[in-house]
Amino acid sequence: GGGGAGAGGGTPSVTQEEMKKMMEDIEKSSKEDGFVDFVEVFAELICKSQEFVRNYYNGERSVVSLRDVARCVKVFRWFGEHFAKYLGAHAEEKWDATDFFNVKPCARECVRSAMIMSLAYCFHARLDRKARREYGMHLQRAWERLQEPIGYEEIGTLYAALFGGTPQRVPKYGPRCTWLALNA
């Protein structure tokens, strides 16, 4: 086992700059996972929906439950399968249920519609006209808060530790799912 390039001796097969780029790409791709962000945003909007309905009914805890969460997710899944079959299969850039549930850019408009209709079916429909408008504004404010940074994190720390240099400080958790573009 000699000492050729990349085999433990000689010149490395990857330069420092290439290594830095690969590490940054790994960090970046883990932060840009549309599915993870979407699930967290959708979960937050479901929680805010439960909070609103509970407050509307004067704090009565029994008006919302985990059954509402399960129903909302089930309705979302139904919309996803329906949209994939009837819209994605006939779209100019075809997409399927896997693309929908992985929140791929080609399916995001339908993901957005499915999320809004699921929340409407499970929470909005219980409210009178005035409360429905307030509910929309409540979700809008919750989504806007998700667009703000809640702190900062450093990227490039592994590279800096190995090769020297300065990590980058970037906002943590914001903006998120800007493509949802909620506007109550």
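Look above for the structure.
Small disclaimer: the values here were computed from a predicted structure and weren't measured.

What follows is about unusual backbone geometry. Phi is positive for Asn58, close to 55°, though the residue is something other than glycine. Counting through the fold element by element, Asn58 comes out in the loop between α2 (34–56) and α3 (66–86). Overall, the relative accessible area of 76% leaves Asn58 in the exposed class. Its identity as a non-glycine residue notwithstanding, Ala181 has a phi of 45°, on the positive side. Position of Ala181 relative to the elements: it lies in the segment after β2 (168–171).

On to the packing of aromatic side chains. Throughout the structure, instances matching the rule amount to 12 aromatic pairs. Each ring, one from Trp95 and one from Phe100, has its centre 6.2 Å from the other, and the planes form 25°; the classification is stacked. Given the relative accessible area of 1%, Phe100 is considered buried. Measuring from centroid to centroid gives 4.9 Å for Phe100 and Phe101, while their planes differ by 80°, and the two rings are edge-to-face. Among the aromatic residues, those joined into a cluster by ring pairs are Phe38, Phe42, Phe76, Trp95, Phe100, Phe101 and Trp179.

For helix α6 (residues 129–146), built from 18 residues, the straight-helix expectation of 26 Å at 1.5 Å per residue is met to within 8% by its first-to-last C-alpha distance of 26 Å. Among the residues of α6, Ala131, Tyr135, His138, Leu139, Gln140, Ala142, Trp143 and Leu146 are the ones counted as buried. Looking at the buried residues of α6, the elements they touch are α2 and α5 (108–122). Regarding α6, its N-cap is Asp128, as a side-chain oxygen of that residue lies 3.2 Å from the backbone nitrogen of Lys130 further along.

Here we come to a nonpolar patch on the surface. Together, Phe35, Val36 and Val39 give the surface a local cluster of nonpolar side chains, amounting to about 220 Å² of exposed area. Looking at the element boundaries, Val36 is found in helix α2. Exposure remark for Val36: the relative accessible area of 36% places this residue in the partly exposed category.

What counts as what
- Residues numbered from 1 in each chain as written.
- Predicted model: local features only at pLDDT ≥ 70, side-chain atom pairs only at ≥ 80, totals over all residues.
- Heavy atoms only, no water.
- Helix = DSSP H or I, 4+ residues; strand = E, 2+ residues; numbered from the N terminus.
- Buried < 20%, exposed > 50% of the residue type's maximum accessible area, 1.4 Å probe, protein only.
- Phe/Tyr/Trp six-rings, centres within 6.5 Å; stacked < 30°, edge-to-face > 60°.
- Expected span 1.5 Å × (residues − 1).
- Contact = heavy atoms within 4.5 Å.
- Polar contact = N/O pair within 3.5 Å; in protein donor to acceptor, adjacent residues only side chain to side chain.
- Patch = residues over 30% accessible without salt bridge, like charges linked within 9 Å, V, L, I, M, F, W, Y side chains within 5 Å.
- Areas by Shrake-Rupley, 256 points an atom, 1.4 Å probe, with all protein chains shown as cover.
- Salt bridge = Lys/Arg side-chain N within 4 Å of Asp/Glu carboxyl O.

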